[in-house]
Amino acid sequence: MSAGIHAVTTIDFPRWDQALLFKILDNIHDVVLVIDSHTTIVYVNEAYARILGVPVEKVLGRRLDKIEPDSAAIKALHSGKSIKGSEHLKSLGIDVIGSAFPLYKGKQIIGCISTFKNVTEELELNRELQQTKGVADYLKEQLDQWEQLPLSFKEYVGQNRNVKETLILAAKVARTDSTVLIRGESGVGKEVLAKAVHNASRRKNKPLIKVNCAAIPESLIESELFGYEEGAYTGAKKGGKLGKFELAHSGTIFLDEIGDMSLTMQAKLLRVLQEREFERVGGSATIKVDIRVIAATNRDLETMIDEKTFRKDLYYRLNIVPLNLNPLRERKDDLIALTQTFLDQFSREVGHELSLSPQVLRIFQNYNWPGNIRELQNVLEHASIVCNGSTIEIHHLPANIIPMNNQPPDLKDKTYNLKEIVARVEKELIVSALANNNNNRTKTMEVLGISRRAFYDKLRRYGIEE
Ligand SMILES: Nc1ncnc2c1ncn2[C@@H]1O[C@H](COP(=O)(O)OP(=O)(O)OP(=O)(O)O)[C@@H](O)[C@H]1O
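Residues numbered from 1 in each chain as written. Predicted model: local features only at pLDDT ≥ 70, side-chain atom pairs only at ≥ 80, totals over all residues. Heavy atoms only, no water.

Engineer: Is there a simple way to explain the UniProt feature "domain: PAS" (unreviewed entry) in the protein in this structure?
Structural biologist: On the UniProt side, "domain: PAS" (unreviewed entry) is annotated at positions that read residues 17-71 here. Taken end to end, residues 17-71 is 44% helix and 18% strand, and its first and last C-alpha atoms sit 31 Å apart. (UniProt positions renumbered as here; feature names shortened; annotations may be inferred. Helix = DSSP H or I, 4+ residues; strand = E, 2+ residues; numbered from the N terminus.)

See the structure below:
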């Protein structure tokens, strides 16, 4: 057979007429479209209607340059060169792949043939596949990082995605000497995280010294942090006293509630952070320390900067690696695991297995936990003591977490004495005042009209503060 000839005749195929050729073209799976030199569509096969969903009569005789002016068929017609590849058909909103090549009569171009198939679904699937692969890679990376977390972080109960990300970042920064700022509401586990960072650092066998900046009265904080020399002030101990910074030498200092420090103390702290040196109260010798600083706060430091109650330069010194811990109400996916951890702990303490009734679990899921993990722990401790059996029921819970419609109807039925009732109401008021004031303790004590000392006493007594 000579080059260019692709057909012969037989008994069954005595001749090759137009009807037979059209039938063959109609059975081709891909779209075949022919235009003339003016881009008028002169032929389309049946696949056109099947694949593109447009009836053949609607396109025959129409100008392709009006329907799809940027199509490969028109480009091939105008350039005289064949084109292969994928294109997006704007008029139909689909992606196709195929080829277009010019038709010559002698040297003159009389039209163009375009063949293509719809690959929109394949492209979409491919996109989805790429995305799924990306997500899988991300999760694998997270899992690898999770598996490589130092033990101190793995003991931190929390599978919530944000918490995990924070832990992974915390584990990375733990290996360095960088200053860390832990942010989150009261009771979310900032101190637990600070300990985990310290225990995963090269300083783990050196001291971790905690300073609660909010609990120390303004007049004492300087000597608490920097220590004092003998005779520095009336009542000063003989031989002086080491401050927290000296105690933390070669280890870590954990400055809790840093947002509650006065501006004067902030200035002094800034110097230690910059120079790693200070003088004791009443002393003149400069003391150098090698410390890692971890600070924590539940305050909105950015607003405090705007209100000029927190120094911007100190903020930048502290905020080198911020670690954020979500409030419990935003990570209810951790509620069951945390509950189980505490139930195991209290089961061991009371000497028998404890579990929650489904009603209690529902209350836990719906409650918004203003006191966060600490509150959950305290509620379970309370319930484990009150409950004599093995299942914790609604009436074993502290009153403030039981919704109104579940409250016991009459306190007379109970064996509470007046002191107990007052304590319950007092605790309830403090917890809700803390929640209403964004856990800002200074504001809360102002609202409640009690002194700092009385406030911290009550926090401790009611287990709101450990
Ligand atoms: N992920 C956790 N797994 C187990 N227990 C936790 C976890 N996070 C916090 N806790 C427990 O919750 C209580 C409160 O935690 P922590 O003292 O670290 O909170 P905090 O954010 O530092 O609170 P505050 O701002 O009031 O100082 C602690 O008893 C701690 O053991």
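Next comes the rest of the write-up.
Engineer: It is not clear to me how the sheet that holds strand β5 (residues 108-118) should be interpreted in this structure. Could you clarify?
Structural biologist: The sheet built from five strands is open, its strands ordered β2-β1-β5-β4-β3 with antiparallel pairing. The open sheet has two free edges, formed respectively by β2 (41-44) and β3 (83-89), since each of these has just one partner strand. Each strand of the sheet is rotated relative to its neighbour by a mean of 30 degrees, with strand direction disregarded. Where helix α5 (residues 72-79) meets the sheet, it contacts β1 (31-36), β3, β4 (94-105) and β5, and its direction lies at approximately 155 degrees from that of β5. (Pairing = 2+ DSSP bridges. Axes fitted to C-alpha atoms, helices over the stretch in contact; angles between N-to-C directions. Contact = heavy atoms within 4.5 Å.)

Engineer: Help me understand the nonpolar core, please; the structure alone is not making it clear to me.
Structural biologist: One recurring pattern in soluble globular proteins is that nonpolar side chains are buried together. Core analysis: the largest hydrophobic core is formed by 34 residues, its most contacted members being Phe364, Trp369, Leu376, Leu380, Ile392, Leu397 and Ile401. Among the secondary structure elements, those contributing two or more residues to this core are α15 (335-350), α16 (358-366), α17 (372-386), α18 (418-436) and α20 (452-461). Sequence-distant contacts of Trp369, defined by excluding residues within four places in its chain, comprise Leu328, Arg329, Lys332, Leu335, Phe364, Glu375, Leu376, Val379 and Ile401. Listed in part, the 32 residues of the second largest apolar core include Ile209, Ala295, Leu301 and Ile305. (Core = buried A, V, L, I, M, F, W, Y, C linked by side-chain atoms within 4.5 Å. Buried < 20%, exposed > 50% of the residue type's maximum accessible area, 1.4 Å probe, protein only.)

Engineer: What is the right way to look at the sheet that holds strand β14 (residues 321-324) in this model?
Structural biologist: Paired through backbone hydrogen bonds, the strands of a sheet run either parallel or antiparallel to each other. Within the open sheet, the five strands sit side by side as β7-β10-β13-β6-β14. Their pairing is parallel. Lying at the two open borders of the sheet, with one neighbouring strand each, are β7 (208-212) and β14. Averaged over all adjacent pairs, the angle separating strand axes in this sheet is 20 degrees, with direction ignored. Relative to the sheet, helix α9 (residues 190-199) contacts β6 (180-183), β7, β10 (252-256), β13 (292-297) and β14, its axis offset from that of β13 by approximately 165 degrees.

Engineer: Before we go on, may I ask you to explain the packing of aromatic side chains in this structure?
Structural biologist: Working definition: an aromatic ring pair is given by the centre-to-centre distance plus the angle between the planes. Per the counting criterion, the structure on display carries nine aromatic pairs. Centre to centre, the rings of Tyr315 and Tyr316 are 5.4 Å apart; their planes meet at 65 degrees, and the pair counts as edge-to-face. These aromatic residues form a ring-pair network of at least three members: Phe226, Phe245 and Phe278. A cation over a ring is seen here: Arg461 above Tyr462, with NZ or CZ 5.5 Å from the ring centre. (Phe/Tyr/Trp six-rings, centres within 6.5 Å; stacked < 30°, edge-to-face > 60°. Lys NZ or Arg CZ within 6 Å of the ring centre and 35° of its normal.)

Engineer: Looking at this structure, I do not really get the packing of α15 against α16. What am I missing?
Structural biologist: When two helices pack together, their arrangement is captured by the angle between the axes and the distance separating the axes. Running from N to C, α15 and α16 cross one another at 125 degrees; their axes reach a closest spacing of 11 Å. Relative to α16, the element α15 lies oblique. For the crossing formed where α15 meets α16, the hand is right-handed. For the pair α15 and α16, the contacting residues are Leu335, Ile336 and Thr339 in the first and Leu361, Phe364 and Gln365 in the second. (Parallel < 35°, antiparallel > 145°, perpendicular 65-115°, else oblique. Left-handed = near helix turned anticlockwise from the far one by under 90°.)

Engineer: Would you explain empty space enclosed by the protein in this entry?
Structural biologist: Sizing a probe to match a water molecule and rolling it over the atoms shows the empty space that remains. Within the structure shown, the criterion is met by one cavity of 30 Å³ or more. Reported here for the largest cavity is a volume of approximately 160 Å³. In terms of lining residues, the largest cavity is bounded by 16 residues, among which Gly371, Glu375, Val431, Leu434 and Ile464 are the most central. Those elements that place two or more of their residues in the lining of the largest cavity are α17 and α18. Among the elements that make up the lining of the largest cavity, the one with the highest residue count is α18 (four residues). Here the lining of the largest cavity is composed, by residue class, of seven nonpolar, five polar and four charged. (1 Å grid on protein atoms, 1.4 Å probe; cavity = no way out; pocket = protein on both sides within 12 Å on 5 of 7 lines; lining within 4 Å. Points joined across faces, edges and corners; volume = space filled by probe spheres on them. Nonpolar A, V, L, I, M, F, W, Y, C, P; charged D, E, K, R; others polar.)

Engineer: Any chance you could explain the site of the ligand here in plain terms?
Structural biologist: Taken together, 19 residues lie near the ligand, and Ser186, Gly187, Lys190, Gln377 and Arg441 sit nearest. With respect to the ligand, the side chain of Lys190 contributes an N or O atom lying 2.6 Å from an oxygen atom. Notes on the ligand: free accessible area 630 Å², of which the protein chains cover 91%. Secondary-structure elements contributing two or more residues to the shell around the ligand are α9, α15 and α17. Counted by class, the shell around the ligand contains seven nonpolar, four polar and eight charged residues. When residues are assigned to domains, the shell around the ligand turns out to be shared by domain 2 (174-324) and domain 3 (329-461), each giving three or more. (Near = heavy atom within 4 Å. Polar contact = N/O pair within 3.5 Å; in protein donor to acceptor, adjacent residues only side chain to side chain. Areas by Shrake-Rupley, 256 points an atom, 1.4 Å probe, with all protein chains shown as cover. Domains from an automatic or database assignment.)

Engineer: Help me out: how do you make sense of the side chain of Glu246 in this one?
Structural biologist: Mapping Glu246 onto the fold places it in helix α11 (residues 244-247). Beyond its immediate chain neighbours, meaning those up to four positions away, Glu246 contacts Phe226, Phe278, Arg280, Ile287 and Val289.

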